[in-house]
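# Analysis of the macromolecular model
Chain by chain, the residues:
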Amino acid sequence: TLQDRLTATFRNLRGKGRLSESDVNEALREIRLALLEADVNLSVVKEFIAACREKLTGAEISQALNPTQQIVKVVNEELIGILGGQTREVRFAKNPPTVIMLAGLQGSGKTTLAGKLGKWLKDSKHHPLLVAADLQRPNAVNQLQVVGQRAGVAVFAPEPGNGIGDPVAVARASIEEAKRKLYDVVIVDTAGRLGVDAELMQQAIDIRNAVNPDEVLFVVDAMIGQDAVNTAQAFAQGVGFDGVVLSKLDGDARGGAALSIARVTGKPVMFASNGENLKDFDLFHPDRMASRILDMGDLLTLIEQAEKTFDAGQAQKAAEKLISGKQFGLDDFLQQMQAVRKMGPMSKILGMMPGMGQYKDQIGNIDEKEIDRIEAIIYSMTPAERANPDILNGSRRTRIAKGSGTTVAEVNGLVNRFAETRKMMSQLGAMGALGMPGMGRK
Ligand code: GDP
Ligand code: MG
């Protein structure tokens, strides 16, 4: 993964005072690979990397982050920017009904989305109407009716009098129906072919002209990969659209399509669909997608928190102690724990660190109350015991348990865990990837 490769890059970059051209190039080479692996369109990748290089070259070095973290941060911000920055909300019409039209290839997930969107709107106190304007496939109307029933949302379907066989007439009639029956949002489901098709594109344009939508949403399968750009361009130039819905994000696609489409069309991704059920649906969050595309796990969150809260001096002292091979004692352990606790729940923080997956079980066992207990135990030790826990024999442990109001088993547990942590810390120290400024420096 990119995370692994950047960890290797960390090693090369650590300790340098400023971003050199070759540092930037080296890191961007890894980022480029990660984007291509996420199926971002090649020309989009090239443009993107060029924009990042421009931002990074000659950039001032942050105090809180090491150079690679800083590069990742800039790349991530650039990515989020292209993906639309913040979540873009639906624009509701001043005079209801708000009309939302769905467009996209066949099988992209439009009809499924109509149900999800209907339920989502209904849950937020709207009164939506789904419209079956896909009369291309024999079963399409029925499919929407089933979806609507499941979502508990009304469906407007062709009947004698409102345009059997004519999707444009059905769409037009649905708006009248919505006005009559006071539906405040109309969601128009349309037909699509497997490939872009002139006749169906014209049909979509005719429907658009008939209903004058407030939002045209382009629904696209996240698995489409490299084809995303061509398809999106065809729809952008044909029917046109205001926002993108990425579907099938529950698959293993990393979502590079989102970046390609956003970059090429300049339109924001608004919703994400991640499953066949009605509840598998959410507003699109550019920051989450950026970290999915970069495949950085939660390293990005860690960078953010390190910037916010970490006490650099303290961390550096502990790190230097580790690196210089001096005994890392329980006092340091306690200090580290207290410093890390400031950053958020312990288990979460440790879980975010690269390479910590193997310690998940131990990490999961550390809870906040337990840290209080650990504090009490360590405070009941003499300085000599804290500096060198190896001298803790049976009678010392009994005394400490008494003094801290815990049991000998709990004291033993701490001493054992401390030994584990010491091992863990020296590993991290060697990796230089703890996210602490100065960590691993000479
Ligand atoms: P349409 O032709 O654009 O209307 O697409 P449909 O809504 O009929 O969806 C096509 C297929 O994709 C159906 O089998 C859906 O169940 C499935 N589908 C739609 N959205 C998702 C999704 O987010 N995740 C998964 N796994 N399947 C989806
Ligand atoms: Mg459909």
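Just so it is clear, the structure is predicted and the values come from calculations on it, not from any experiment.

Moving on: the site of ligand 1. In the vicinity of ligand 1 there are 17 residues, among which Gly109, Lys110, Thr111, Thr112 and Ser273 approach most closely. The leading source of residues in the shell around ligand 1 is helix H5 (residues 110-123), at 3 residues. Of the residues assigned to the shell around ligand 1, the class counts are no nonpolar, 12 polar and 5 charged.

Turning to helix H19 (residues 394-404), its buried residues number three or more, namely Arg397, Ile400 and Ser404. Across the axial projection of H19, the buried residues extend over an arc of 65°, all falling on one side. Across from the buried face of H19, at angles greater than 90 degrees, the exposed residues are Gly394 and Ser395.

With that out of the way, let us pick up the pairing of strand S1 (residues 98-103). Among the 6 residues of S1, 6 are classified as buried, and the element is accordingly described as predominantly covered. Neither face of S1 is exposed, since Thr98, Ile100 and Leu102 on one face and Val99, Met101 and Ala103 on the opposite face are all buried. Across 4 bridges, S1 lies against strand S4 (residues 185-190) in parallel orientation. The partner of threonine 98 across the bridge, within S4, is valine 185. Relative to strand S5 (residues 215-221), S1 runs parallel, the two being bridged by 4 bridges.

With respect to the helices and strands, the residue glutamine 136 is situated in the loop between strand S2 (128-133) and helix H6 (140-151). A tally of 16 C-beta atoms within 10 Å means that glutamine 136 is categorised as partly exposed.

With that out of the way, let us pick up helix H9 (residues 228-237). Buried residues of H9: Ala228, Val229, Thr231, Ala232 and Phe235, and no others. Around the axis of H9, the buried residues are gathered within 165° of arc, so they sit on the same side. For H9, the secondary structure elements touched by its buried residues are S1, S5 and helix H10 (256-265).

At their nearest, the axes of helix H2 (residues 21-37) and helix H3 (residues 42-56) sit 10 Å apart, and the two run at 150° to each other. With respect to each other, H2 and H3 are oriented roughly antiparallel. Where H2 crosses over H3, the two elements pack in a sense that is right-handed. Residues Val24, Leu28, Ile31, Arg32, Leu35 and Leu36 of H2 form the contact with H3, whose own contacting residues are Val45, Phe48, Ile49, Cys52, Arg53 and Leu56. Broken down by class, the residue content of the contact of H2 with H3 amounts to 10 nonpolar, no polar and 2 charged.

Residues annotated in UniProt with the feature "domain: SRP54-type proteins GTP-binding" (unreviewed entry) correspond here to residues 268-281. Secondary structure across residues 268-281 comprises 0% helix and 43% strand; the distance between its end C-alpha atoms is 17 Å.

Axis angle and axis distance: for two packed helices, these are the angle between their axes and the distance between the axes, and together they describe the pair. Contact pair H5 / H6: the axes reach a minimum separation of 9 Å and the direction vectors enclose 25°. On the basis of their axis angle, the class for H5 and H6 is roughly parallel. Considering the relative orientation of H5 and H6, their crossing is right-handed. Residues Thr111, Thr112, Ala114, Gly115, Gly118 and Lys119 of H5 form the contact with H6, whose participating residues are Ala140, Gln143, Leu144, Val147, Gly148, Arg150 and Ala151.

Attention shifts here to the nonpolar core. Membership of the largest hydrophobic core comes to 88 residues, with the highest contact counts inside it found for Val131, Val186, Ile187, Val188, Val220 and Leu246. Shared between two domains, this core holds at least three residues of each, these being domain 1 (2-82) and domain 2 (98-283). Sequence-distant contacts of leucine 246, that is, excluding residues within four places in its chain, are made with Val220, Ala222, Gly255, Ala257, Ala258, Val269, Ala272, Ser273 and Phe284. Core analysis: the second largest hydrophobic core is formed by 9 residues, Phe333, Ile374, Ile378 and Val411 among them.

All right, on to the pairing of strand S6 (residues 243-247) then. For S6, the buried fraction is high: 5 of the 5 residues fall into the buried class. Here S6 shows a buried face lined by Gly243, Val245 and Ser247 and a second buried face lined by Val244 and Leu246. Sheet analysis places S5 next to S6, joined by 5 bridges and oriented parallel. Within the sheet, the bridge partner assigned to valine 220 lies in S6 and is leucine 246. With H9 bridging S5 and the parallel S6, this β-α-β connection has right-handed handedness. Since S6 and strand S7 (residues 269-273) lie parallel, the crossover through H10 that links them has a hand, and here it is right-handed.

Calculation notes
Residues numbered from 1 in each chain as written. Chains lettered and ligands numbered in written order. Predicted model: local features only at pLDDT ≥ 70, side-chain atom pairs only at ≥ 80, totals over all residues. Near = placed C-beta within 6 Å. Helix = DSSP H or I, 4+ residues; strand = E, 2+ residues; numbered from the N terminus. Nonpolar A, V, L, I, M, F, W, Y, C, P; charged D, E, K, R; others polar. Buried ≥ 20, exposed ≤ 12 C-beta atoms within 10 Å, placed from the backbone. Arc of directions from axis to C-beta. Pairing = 2+ DSSP bridges. Contact = placed C-beta atoms within 7 Å. Axes fitted to C-alpha atoms, helices over the stretch in contact; angles between N-to-C directions. Parallel < 35°, antiparallel > 145°, perpendicular 65-115°, else oblique. Left-handed = near helix turned anticlockwise from the far one by under 90°. UniProt positions renumbered as here; feature names shortened; annotations may be inferred. Core = buried A, V, L, I, M, F, W, Y, C linked by C-beta atoms within 7 Å. Domains from an automatic or database assignment. Right-handed = clockwise from strand over helix to strand, strands pointing away.

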